[in-house]
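Inside the fold
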Amino acid sequence: MSNFQQEKSLVIKYFDELEQASVGTLSQVQQRYINEEYEFFGVYPFNKIYNLSDVTEQVWQPLYHSFSNIQRRQDVFMAGKSEINGESWVMSMGHFMGLFDNDWLGIPANRKLSMVRYAEFNCVENGKITKTGLWLDIIGLMHQVGINPLPPQTGASFVYPGPRHHNGLLFDEHEPAQAEKTLTVLNTMIEDLSKLNQTANDRAGPKVMEKNWHSDMVWYGPAGIGATYTIDRYQVQHMYPFREGLHDKVFNGHVCRFAEGNFACFFGWPNLSNKAKGGFLGLPSGDVRADMRVVDVYYRQGDKLLENWVLIDIPYWLKQQGVDILERTANIVNPKR
């Protein structure tokens, strides 16, 4: 069984060079590490891109132009073989930190220290990165500059910390048996949620979670939903609003799902399809089936899950229903004259 140290080493070198790059040198750095045949999964407005030069021009160069002295502040770094198709993936989660000096995606710059929450998945094959999934919490940045594009959220809004025990940077090799244990707990939890979808039991009590979650679990949700703490408060502040506010839920599977040590992660394209019944995100109902692109990162302690970091491409989910919060925000707070 591979220990994924070569894949980790490649991505670490890529990240190091990327952090030292400028807008003008980004392309050369990425060409050294990324394969010519390349597939990019990005949040709205980037979406799916198949050309590396387009990814550099549309995603990375604008990010580096807008945020000066950008740093990658990792909270979780891990690698493993996806149980979906056997591919080798490396995942990094944390924040891009920089000085917000130039407007980005229509969001007006404030020239202050800002944190852009991210999760990045890189598939490594034959010494090159062949696929990337990059989630950026754009609404989270809006909150930092005083913009609230959605009604009040059910959870708390702040710059999220990493794992409680500061053990998420898995640079060294880890025992495969621990990863298998983590995946067992994760997949049991996923199966239990799938059963809820089939039974339409939208207000299940704490017993449905106590099987797989610590009572003092923490759920770090996307901005627009927010974070919540303990099973009881999680159910009130996210689980019930999510399940009761959405219907016709269909699980579409994952692009990759893997674990290393006590950590696991996955993303889907899309993970979930649903319709708005009314109330979710404080918004009205609608008859449009919309896709949710979701990242989950988990931390297992013992035989239960302790923490869960979640990114949902909420702007894309809303865009499918006719609401472009990026365009609307730009027109209101940063209009072109």
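Refer to the structure presented above.
So, a few notes on the structure that sits alongside this text.

Here is what the cut-offs are and how they apply
Residues numbered from 1 in each chain as written. Predicted model: local features only at pLDDT ≥ 70, side-chain atom pairs only at ≥ 80, totals over all residues. Heavy atoms only, no water. Buried < 20%, exposed > 50% of the residue type's maximum accessible area, 1.4 Å probe, protein only. Helix = DSSP H or I, 4+ residues; strand = E, 2+ residues; numbered from the N terminus. Pairing = 2+ DSSP bridges. Contact = heavy atoms within 4.5 Å. Axes fitted to C-alpha atoms, helices over the stretch in contact; angles between N-to-C directions. Salt bridge = Lys/Arg side-chain N within 4 Å of Asp/Glu carboxyl O. Parallel < 35°, antiparallel > 145°, perpendicular 65-115°, else oblique. Left-handed = near helix turned anticlockwise from the far one by under 90°. Nonpolar A, V, L, I, M, F, W, Y, C, P; charged D, E, K, R; others polar.

The next thing to look at is the pairing of strand 4 (residues 88-100). Within a regular beta strand, the side chains point alternately toward one face of the sheet and then the other, so they alternate between its two faces. Within strand 4, 12 of the 13 residues are buried, leaving the element largely enclosed by the surrounding structure. Between strand 3 (residues 67-81) and strand 4, which follow one another and run antiparallel, lie six residues, and Gly86 among them has a positive phi close to 85 degrees. Bridging between strand 4 and strand 5 (residues 113-125) involves 11 bridges; their strand directions are antiparallel. Residue pairing across strands places His95 opposite Arg117, the latter belonging to strand 5.

Time to look at the sheet that holds strand 1 (residues 34-42). Taken in spatial order, the six strands make up an open sheet running 2-1-6-5-4-3, and their pairing is mixed. Only two strands of the sheet have a single neighbouring strand rather than two, namely strand 2 (48-49) and strand 3. Running at roughly 130 degrees to strand 3, helix 3 (residues 52-66) makes contact with strand 1, strand 2, strand 3, strand 4, strand 5 and strand 6 (128-136) of the sheet.

The next thing to look at is the pattern of salt bridges. For side chains bearing opposite charge, pairing can occur when the charged atoms are close. On inspection of all chains with the given rule, the structure shows 15 salt bridges. Among the ionic pairs, Lys8 bridges to Glu260, the shortest N-O distance being 2.7 Å. One end of the pair, Lys8, is in helix 1 (residues 5-20); the other, Glu260, is in strand 10 (residues 256-260), and 252 residues separate them in sequence. For the residue pair Lys8 and Glu260, the accessibility class agrees, reading buried in each case. Among the charged side chains, a network of salt bridges with common partners joins Asp248, Lys275 and Asp287.

With that settled, the discussion passes to the packing of helix 2 (residues 26-33) against helix 3. With their axes 10 Å apart at the nearest point, helix 2 and helix 3 run at an angle of 130 degrees to one another. Overall, the two elements helix 2 and helix 3 adopt an arrangement that is oblique. As for how helix 2 packs across helix 3, the hand of that crossing is right-handed. Residues Leu26, Ser27, Gln30 and Gln31 of helix 2 touch helix 3, and the partners they reach there are Leu52, Thr56, Trp60, Gln61 and Tyr64. Split into classes, the residues belonging to the contact of helix 2 with helix 3 amount to four nonpolar, five polar and no charged.

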